[in-house]
Amino acid sequence: MLTAMIVHCHGRHSTILACAHREIPPLHNMVAVSGGPNVPVAPYATFGSEELAEGVVRTLDGRFACLMANHGLIALGPKLSVAMAIAEEIEEQGAVYCGTLAIGGPQLLDRAEMDRILKAFGQYGQRDAQS
Ligand SMILES: [Zn+2]
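Residues numbered from 1 in each chain as written. Predicted model: local features only at pLDDT ≥ 70, side-chain atom pairs only at ≥ 80, totals over all residues. Heavy atoms only, no water.

Student: Give a detailed account of the pattern of salt bridges, specifying residues and quantitative values.
Tutor: Summed over all chains, the structure comprises two salt bridges. Here Arg111 ties to Asp115 by a salt bridge, and the two come within 2.8 Å at their closest N and O atoms. One end of the pair, Arg111, and the other, Asp115, are both in helix H4 (residues 111–130), four residues apart, so they sit about a helical turn from each other. Relative accessible area serves as the criterion here: at 36%, Asp115 is assigned to the partly exposed category. In this structure, Arg116 and Glu113 form a salt bridge, with 2.8 Å as the shortest nitrogen-oxygen distance. Note that Arg116 and Glu113 are positioned in helix H4 at a spacing of three residues, about one turn of the helix. (Salt bridge = Lys/Arg side-chain N within 4 Å of Asp/Glu carboxyl O. Helix = DSSP H or I, 4+ residues; strand = E, 2+ residues; numbered from the N terminus. Buried < 20%, exposed > 50% of the residue type's maximum accessible area, 1.4 Å probe, protein only.)

Now the structure itself:
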């Protein structure tokens, strides 16, 4: 049986983006710690509701993190330290994205580059799991 530890927080920048229903796009290689090329936004539903949980699971779609509309951030990993590290990095990427919006918006990495990064991160992940 697979288990996952979940971190949920209302970090300032991820919450700003969640309230604007703006995903974090592929603007930096570290976005890939989410397990995908972006960090999408789950649809709004009342906190603690089954509807919210179902929306988050659908939005994650195999990723390790997503934003929750008008709410905050959720991240998961095989152990708490990993989930926490992912949450911290996604909050940082949210801050970077917000910063770029103030100066005209980011220049995004293309899908082929994000795929290379995701592949490389997969190898890092396997090393981390062995340590
Ligand atoms: Zn919350």
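Once you've had a look at it, read on.
Student: Give a description of the sheet that holds strand S2 (residues 41–42) that names residues and reports values.
Tutor: Across a sheet, strands are paired by hydrogen bonds formed along the backbone, either parallel or antiparallel in direction. As summarised here, the arrangement of the four strands in space is S1-S4-S3-S2, forming an open sheet in which the pairing is mixed. Each having just a single partner strand, strand S1 (5–9) and S2 make up the two edges of the open sheet. Looking at chain direction, S1 and strand S4 (residues 72–77) are connected through five bridges and run antiparallel. Its bridge partner lying in S4, Val7 is registered against Ala75. Docked against the sheet, helix H1 (residues 12–19) engages strand S3 (65–68) and S4, running at close to 60 degrees with respect to S3. Against the sheet, helix H3 (residues 80–101) makes contact with S1, S3 and S4, and its axis sits at roughly 145 degrees relative to S4, the strand it touches most. (Pairing = 2+ DSSP bridges. Contact = heavy atoms within 4.5 Å. Axes fitted to C-alpha atoms, helices over the stretch in contact; angles between N-to-C directions.)

Student: Please give an account of the nonpolar core that cites residues and values.
Tutor: Ranked by internal contacts, the top residues of the largest apolar core, which has 23 residues, are Ile24, Leu67 and Ile90. Of all the secondary structure elements, the ones that give two or more residues to this core are H1, S3, S4, H3 and H4. A per-element tally of this core places H3 first, with six residues. Other than its neighbours up to four places away in sequence, Ile90 contacts Ile24, Val31, Val33, Ser34, Val39, Ala65 and Leu73. Core analysis: the second largest hydrophobic core is formed by nine residues, Ala45, Met68, Ile74 and Leu76 among them. (Core = buried A, V, L, I, M, F, W, Y, C linked by side-chain atoms within 4.5 Å.)

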